[in-house]
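# Per-entry structural report
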Number of protein chains: 2
Amino acid sequence: MELVLNSPLDMHLHLRDADMLKIVAPLSSYSFAGGIIMPNLVSPITSIETLVEYKQRVKDAIGDDNFEPLMTLFFKSDYTYDFLKEAKKYISAIKLYPFGITTNSKDGVSSMKIEDLRQTFEAMSELNIPLLVHGETNGFVMDREKEFGSVYEQFATSFPKLKIIMEHITTKHSVDLLDKYENLYATITLHHLLITLDDVAGGALNPHLFCKPIAKRPEDREALLSVALLVHPKVMFGSDSAPHPMSKKESCGCAAGVFTAPIALQALATLFEKHGVLENLQAFVSDNAKRIYNFTPIKKKVVLEKKLFTTPVLYKNIVPMFAGSELPWSIKNVR
Amino acid sequence: MELVLNSPLDMHLHLRDADMLKIVAPLSSYSFAGGIIMPNLVSPITSIETLVEYKQRVKDAIGDDNFEPLMTLFFKSDYTYDFLKEAKKYISAIKLYPFGITTNSKDGVSSMKIEDLRQTFEAMSELNIPLLVHGETNGFVMDREKEFGSVYEQFATSFPKLKIIMEHITTKHSVDLLDKYENLYATITLHHLLITLDDVAGGALNPHLFCKPIAKRPEDREALLSVALLVHPKVMFGSDSAPHPMSKKESCGCAAGVFTAPIALQALATLFEKHGVLENLQAFVSDNAKRIYNFTPIKKKVVLEKKLFTTPVLYKNIVPMFAGSELPWSIKNVR
């Protein structure tokens with residue numbers, strides 16, 4: 001049995017930089033036709049110059065033209081209209097991080113007040129640049145995303161022309177927001193479709209499934225599954241694949257992030273088949289994203305087959321999700 | 001400033017066995033006058049012979065008579081009245097573990113049905129042997145204790161003469177049960193008074209604060225604090241101090257348990273002083289336990305003083321809570 005995916009896209013991807021970039025970029029570029037590349041490097045991408053340089057490093061790491069890196073800027077509240085008009089030639093979106101909320105977010109935004117963000121939001125609205133948001137407060141870990149919901153609502157109503165993408169949503173509450181506000185969209189990761197807090201801290205502690213936002217309750221996962229499997233028109237796949245060296249995951253004070261890029265399509269095919277909706281995977285991993293972002297990705301056919309895939313224990317020094325486990329679907333070839 | 005604690009007691013303590021026992025027993029016996037010793041060794045304590053042998057190993061590890069190990073049996077549903085009548089000479093309580101719920105609980109009870117437990121419960125009621133319970137289901141990690149609540153209610157109403165101690169409670173729901181059923185009591189740990197899930201998995205992952213039951217929500221901690229600080233007559237201190245070698249805590253699949261025994265009194269004094277109820281600590285760490293268990297501990301005065309205590313980074317190969325941090329209270333001497 002085969003499954004052909006046309007131009008699968010990963011709409012939330014961390015490629016990092018330097019040595020790590022060289023390890024992970026080819027893994028994404030093999031499976032996917034393109035992806036939204038996160039700008040939270042150690043020095044965040046806030047200028048066209050650094051963006052263009054980073055894109056070149058990404059392209060060099062990939063080595064061919066079979067993957068389109070869709071670049072993003074790190075949100076700043078003082079971007080001008082003129083700057084963004086020029087930046088728009090190079091970027092697909094701008095990513096907003098609240099201050100200190102996740103890896104490399106110390107330069108994030110401290111105030112979520114509309115007035116403090118208006119200048120950039122208005123320019124983005126006029127220029128039709130999507131806003132991507134890591135939507136968490138600094139409250140109690142299980143409540144952070146829900147608490148951020150009122151911020152999403154304010155953004156959505158105050159800037160009705162702004163396309164707002166709630167990144168890596170993890171709660172039923174966020175799912176419910178999709179149908180309340182026309183200009184709210186969402187990406188969903190592989191791991192949040194598969195795990196709950198039980199898998200992180202229910203038995204033994206599992207650092208490789210520790211991520212931000214943290215996996216939530218069973219009813220939250222059910223809500224995510226319902227919109228992903230039936231492909232709600234406002235959701236799309238974004239892996240949030242976030243590699244860290246094994247040493248940083250398995251030591252005390254484990255870094256947040258699950259590395260899923262190289263096994264994402266195999267695992268998604270497994271999940272969608274299990275729920276009897278394999279035919280919906282194309283829309284979840286590509287068609288919805290094309291429509292929401294209004295773009296045409298490069299043509300690429302990824303052929304999966306029903307053949308056991310043994311996930312490597314390591315990709316160099318990075319432990320992937322399902323390390324050492326078998327998945328029933330493999331990638332047969334890419335055309 | 002000094003604080004004299006008369007015969008402080010640790011009513012839930014893991015002393016382990018062999019080398020680990022030799023490390024941790026003297027630490028508890030220095031600070032405390034006695035403690036309820038958990039029976040979940042690799043081979044659980046289910047006979048008088050193994051109990052007597054274990055008690056001797058505990059006494060040997062302590063090396064003097066300044067600490068009274070209050071022994072417990074591992075609950076089995078087929079204990080006979082005659083066996084328990086004899087066992088009562090050696091034990092202070094019996095500890096019930098649901099199957100597979102925590103460290104060394106693979107021999108725990110599979111069914112929580114009253115009829116399956118009646119034989120042992122009736123004998124314990126008649127012999128006035130307290131029942132200690134690790135009250136968790138195998139449900140979602142944040143719900144396990146609350147889900148177990150209905151089991152506590154069934155036990156309490158079906159065996160009104162049985163003294164039931166809900167061990168290491170972590171939720172507001174459990175706190176509320178104390179006032180609903182006359183025969184329900186509770187122990188509370190130090191760490192559950194101090195942390196929430198935020199401290200385990202909110203920032204970085206902290207294996208040294210990973211324990212079962214897992215730390216819950218802020219409102220749960222508030223409920224625990226309210227009954228501990230004001231010393232509800234049905235609660236008492238039980239550290240659930242649960243040492244594991246550092247290698248088992250800091251590696252992938254981290255073992256559950258927080259090691260608090262050697263710093264418990266210093267940290268409790270700090271907590272009670274911070275809340276302006278230092279005078280209540282005596283009742284929480286001793287008087288309530290004496291009354292609930294109806295026993296007279298050995299006489300021992302533990303004198304604390306307001307002097308910085310730097311918590312060791314390691315006790316041999318075990319990382320304690322507050323490792324390397326300073327606490328404002330130290331133990332001055334023990335008389």
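Fair warning: this is a prediction, and the values are worked out from it, not measured in the lab. (Residues numbered from 1 in each chain as written. Chains lettered and ligands numbered in written order. Predicted model: local features only at pLDDT ≥ 70, side-chain atom pairs only at ≥ 80, totals over all residues.)

### A few points about the overall build of chain A
Counting its secondary structure elements, chain A contains 12 helices and 13 strands. Its C-alpha atoms give chain A a radius of gyration of 18 Å, within 12% of the compact-globule value 20 Å for 335 residues. Its C-alpha atoms give chain A principal-axis dimensions of about 55 × 40 × 40 Å. Taking all 335 residues of chain A together, 52% fall into the buried category. Within chain A, counting contacts between residues at least 6 apart in sequence, those at least 24 apart form 70% of the total. (Helix = DSSP H or I, 4+ residues; strand = E, 2+ residues; numbered from the N terminus. Rg over C-alpha atoms; globule rule 2.2 N^0.38 Å. Buried ≥ 20, exposed ≤ 12 C-beta atoms within 10 Å, placed from the backbone. Contact = placed C-beta atoms within 7 Å.)

### Concerning the relation of the copies chain B and chain A
Here chain B sits on chain A after a turn of 180° about the axis and a move of 0.0 Å along it, with an RMSD of 0.0 Å. In symmetry terms, the pair is related by a two-fold rotation axis. In this assembly, 100% of the residues forming the interface of chain B have copies in chain A that are likewise at the interface, indicating an isologous arrangement. (Least-squares fit on C-alpha atoms with pLDDT ≥ 70 in both.)

### Structural notes on the sheet that holds strand 1 (residues 2–6) of chain B
Residues and elements named next belong to chain B. What the three strands build is an open sheet, ordered 1-10-13; its pairing is antiparallel. Single-partner strands in this sheet number two, and they are strand 1 and strand 13 (330–334). Geometrically, the sheet is characterised by an average inter-axis angle of 30° between neighbouring strands, direction not taken into account. Sheet topology places strand 10 (residues 301–305) next to strand 13; four bridges connect them, and they run antiparallel. Looking at the pairing, Leu 304 lines up with Ile 331 of strand 13. (Pairing = 2+ DSSP bridges. Axes fitted to C-alpha atoms, helices over the stretch in contact; angles between N-to-C directions.)

### Quick word on the nonpolar core
Grouped together as the largest cluster of nonpolar side chains are 210 residues, with contacts concentrated most on Ile 94 and Leu 268 of chain A together with Ile 94 and Leu 268 of chain B. If we skip the residues at most four places from it in the chain, Ile 94 of chain A touches Thr 72, Leu 73, Phe 75, Met 124, Ile 129, Leu 131 and Leu 132 of chain A. (Core = buried A, V, L, I, M, F, W, Y, C linked by C-beta atoms within 7 Å.)

### Focus: the interface of chain B and chain A
In this assembly, 21 residues from chain B lie in contact with 21 residues from chain A. For the side of chain B that touches chain A, the element with the highest residue contribution is helix 8 (residues 197–201) of chain B, accounting for four residues.

### Notes on the packing of helix 1 (residues 18–31) of chain B against helix 2 (residues 48–62) of chain B
All names here are of chain B. At a minimum axis separation of 8 Å, helix 1 and helix 2 run at an interaxial angle of 70°. Comparing their axes, helix 2 and helix 1 come out roughly perpendicular. Note on element contacts: helix 2 touches helix 1 through Arg 57, Val 58, Ala 61 and Ile 62, opposite Leu 21, Lys 22, Ala 25, Pro 26 and Ser 29. Counted by class, the contact of helix 1 with helix 2 contains six nonpolar, one polar and two charged residues. (Parallel < 35°, antiparallel > 145°, perpendicular 65-115°, else oblique. Nonpolar A, V, L, I, M, F, W, Y, C, P; charged D, E, K, R; others polar.)

### Quick word on the confidence of the model for chain A
Confidence in the prediction for chain A averages 97 pLDDT; 100% of positions are at 70 or higher. Model confidence for the complex is summarised by a pTM of 0.96, with the ipTM given as 0.95. (pLDDT = per-residue confidence, 0-100.)

### Some points on the environment of Thr 80 of chain A
Inspection of the secondary structure puts Thr 80 of chain A in the loop between strand 4 (68–74) and helix 3 (81–87). Sequence separation of Thr 80 of chain A and Phe 121 of chain A is 41 residues, and the distance between their C-alpha atoms is 9.9 Å.

### Digging into the sheet that holds strand 3 (residues 34–37) of chain B
All names here are of chain B. The strand order across the open sheet built from eight strands is 2-3-4-5-6-7-8-9, with neighbouring strands paired in parallel fashion. The sheet is open, and its two edges are formed by strand 2 (9–13) and strand 9 (235–237), each paired on a single side. Strand-to-strand twist of the sheet, defined as the mean angle between neighbouring strand axes without regard to direction, takes the value 25°. Here strand 4 (residues 68–74) pairs with strand 5 (residues 93–96) via three bridges, running parallel. Within the sheet, the bridge partner assigned to Thr 72 lies in strand 5 and is Ala 93. Packing of helix 2 onto the sheet brings it into contact with strand 3 and strand 4, and relative to strand 4 it is tilted by some 150°.

### Concerning the pairing of strand 3 (residues 34–37) of chain A
All names here are of chain A. Alternating residues of strand 3 divide into Gly 34 and Ile 36 and Gly 35 and Ile 37, and every residue in both groups is buried. Sheet analysis places strand 2 (residues 9–13) next to strand 3, joined by three bridges and oriented parallel. Counterpart to Leu 9 in the pairing with strand 3 is Gly 34. One crossover worth recording links strand 2 to the parallel strand 3 by way of helix 1 (residues 18–31), and it is right-handed. (Right-handed = clockwise from strand over helix to strand, strands pointing away.)

### A few points about helix 11 (residues 264–274) of chain B
All names here are of chain B. In terms of burial, helix 11 is largely enclosed, as nine of its 11 residues are buried. Turning to helix 11, its buried residues number three or more, namely Ala 264, Leu 265, Gln 266, Ala 267, Leu 268, Ala 269, Thr 270, Leu 271 and Phe 272. Count one or two residues on from helix 11 and you reach Gly 276, which has phi positive near 70°.

### A word on unusual backbone geometry
Residue and element names in this part refer to chain A. Lys 212 connects to Pro 213 through a cis peptide bond whose omega is -5°. Relative to the elements of secondary structure, Pro 213 occurs in the loop between helix 8 (197–201) and helix 9 (218–229). Phi at Asn 104 is positive, roughly 50°, even though this residue is not glycine. Along the chain, Asn 104 turns up in the loop between strand 5 (93–96) and helix 4 (114–127). On the basis of neighbour counts, which here come to 17 C-beta atoms within 10 Å, the residue Asn 104 falls in the partly exposed class. A positive phi angle, near 40°, is found at His 168, a position not held by glycine. On the secondary structure map, His 168 appears in the loop between strand 7 (164–166) and helix 6 (172–178).

### Overview of the pairing of strand 5 of chain A
Residue and element names in this part refer to chain A. Where burial is concerned, the two faces of strand 5 agree: the one with Ala 93 and Lys 95 and the one with Ile 94 and Leu 96 are both buried. With helix 3 bridging strand 4 and the parallel strand 5, this β-α-β connection has right-handed handedness. With three bridges joining them, strand 5 and strand 6 (residues 131–133) adopt parallel strand pairing. What sits directly across from Ile 94, in strand 6, is Leu 131. This β-α-β element, strand 5 to helix 4 to strand 6, shows right-handed connectivity.

### Some remarks on the environment of Ile 214 of chain B
Considering the arrangement of structural elements, one finds Ile 214 of chain B in the loop between helix 8 and helix 9 (218–229). Ile 214 of chain B sits in the buried class, given 24 other C-beta atoms within 10 Å. When the C-alpha positions of Ile 214 of chain B and His 192 of chain B are compared, they lie 8.6 Å apart, and in sequence the two are 22 residues distant. If sequence neighbours within four positions are ignored, Ile 214 of chain B has contacts with Ala 201 of chain A together with Val 141, Leu 197 and Val 200 of chain B.

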